[in-house]
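Structural overview
The residues making up each chain are set out below.
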Amino acid sequence: GALWVLLFHFTRGHDIPVLRDGFLGVDVFFILSGFVLSHAHPLRRWTLSSYGKFLKARIGRLFPLHVVPLLFLVLVVFAVPGFIGSFGPAGRAKFSLAEFFASLFLVQNWGIGEAAPWNGPAWSLSAEWLASIAFPVFLVGARKIPRGRVAVLAAYLAMIAFVLFLFATDNSGPGVEARAGLVRMFCEFLAGCLLYRAYSGGIRAGPVLALAALALFMAGTLVPTFIALPLFSFPVVVLLASQDGNRFSKFLSTPIMQFFGNISYSLYLLHWTLLHTSMVVVSRWEVPGTMEIPWYGALFAMTVGVSVLTYRYVEIPMRRRVRSLDFRPK
């Protein structure tokens, strides 16, 4: 999902099928997040202690790596002439001090000021942080579904609710952010929790569902009018990824996919700043069009390299460090 979003931003304006719809990687992220959290925290009874441990784990997962590109972006804003101006009249509001602190605490998408200030992709982390705080409610609600097949139906009803919301609010596609992004997160995160309830109840995706999901995905990404259709393929994709033995899960288990899976969070948070800095440099230096492919190829390689470093030296050690902290009174 993160790699898809990165390629979407890197190729924006070129109208390349599938890549032009890379914003849908965020939808995969929300569904997968609900599924994975439900699997990783299968508590049947929540207490203040267990909830505190859960939130501590989520803080260790979300915040340390989020802070690094945000601070790097502060340096870019002050060191790169014309960076703020490249965002037009809204640039100063986007990079204000108040928006910085809203971003720092991941509350920027909760109805406070700009929806996507500073590091743009972090809007989805803000929505994810809100989902994490409310996670026990999602989980308990999903567990009340009596059977796996009913849970699958409920998951798809949540996805349908999001599409109906898009129609009701005259949104042309599912790539909404800001306050509408919270509806996007709520419906898809809930769908992920319900999907795990179905999975734990023995529901699996077979070849027929896989082909149907592929058909929906191709129809939506090849014909812009049907851009909402891929949303209904993603629950099947998540189920296939969680099942051993099928071609898709084997593909995800290859070394190259595991590599990108490990650094995906770093890629997602870092690429936007590096890309926009590059765009300002290209404009200022008047880089010729013939250099576009090697320029962005080098930028992609640099983004991957920096992501490897932040994954190894920030994400992993800080996640362990936060988990080991003991906030209990002594």
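Residues numbered from 1 in each chain as written. Predicted model: local features only at pLDDT ≥ 70, side-chain atom pairs only at ≥ 80, totals over all residues. Heavy atoms only, no water.

Another aspect to go through is unusual backbone geometry. At W118, a position not held by glycine, the phi torsion is positive, near 50°. The topology assignment puts W118 in the loop between helix 5 (97-104) and helix 6 (122-133). Take W118: its relative accessible area is 4%, and that puts it in the buried class. Although it is not a glycine, D170 adopts a positive phi angle of roughly 60°. Assignment of secondary structure puts D170 in the loop between helix 8 (148-168) and helix 9 (178-200). (Helix = DSSP H or I, 4+ residues; strand = E, 2+ residues; numbered from the N terminus. Buried < 20%, exposed > 50% of the residue type's maximum accessible area, 1.4 Å probe, protein only.)

Quick look at the pattern of salt bridges now. Scanning the entire structure with this criterion turns up six salt bridges. R184 is paired through a salt bridge with D27; the nearest N and O atoms lie 2.9 Å apart. Here R184 is found in helix 9, whereas its partner D27 is found in helix 2 (residues 25-40), with 157 residues between them in sequence. There is no split in this pair, since R184 and D27 are both buried. Salt bridges sharing common partners tie together D15, R20 and D21. (Salt bridge = Lys/Arg side-chain N within 4 Å of Asp/Glu carboxyl O.)

The topology assignment puts A2 in helix 1 (residues 2-10). Between the alpha carbons of A2 and L55 there is a distance of 23 Å; along the sequence they are 53 residues apart.

Bringing the packing of helix 6 against helix 9 into the picture now. Interhelical geometry of helix 6 versus helix 9 gives an angle of 50° and a closest axis separation of 10 Å. Taken together, helix 6 and helix 9 sit at an angle that is classed as oblique. Crossing hand, helix 6 versus helix 9: right-handed. Contacts from W123, A127, E128, L130 and A131 of helix 6 reach helix 9 at G181, L182, R184, M185 and F189. Of the residues assigned to the contact of helix 6 with helix 9, the class counts are seven nonpolar, one polar and two charged. (Axes fitted to C-alpha atoms, helices over the stretch in contact; angles between N-to-C directions. Parallel < 35°, antiparallel > 145°, perpendicular 65-115°, else oblique. Left-handed = near helix turned anticlockwise from the far one by under 90°. Contact = heavy atoms within 4.5 Å. Nonpolar A, V, L, I, M, F, W, Y, C, P; charged D, E, K, R; others polar.)

Shape is all these values report; function is a separate question.
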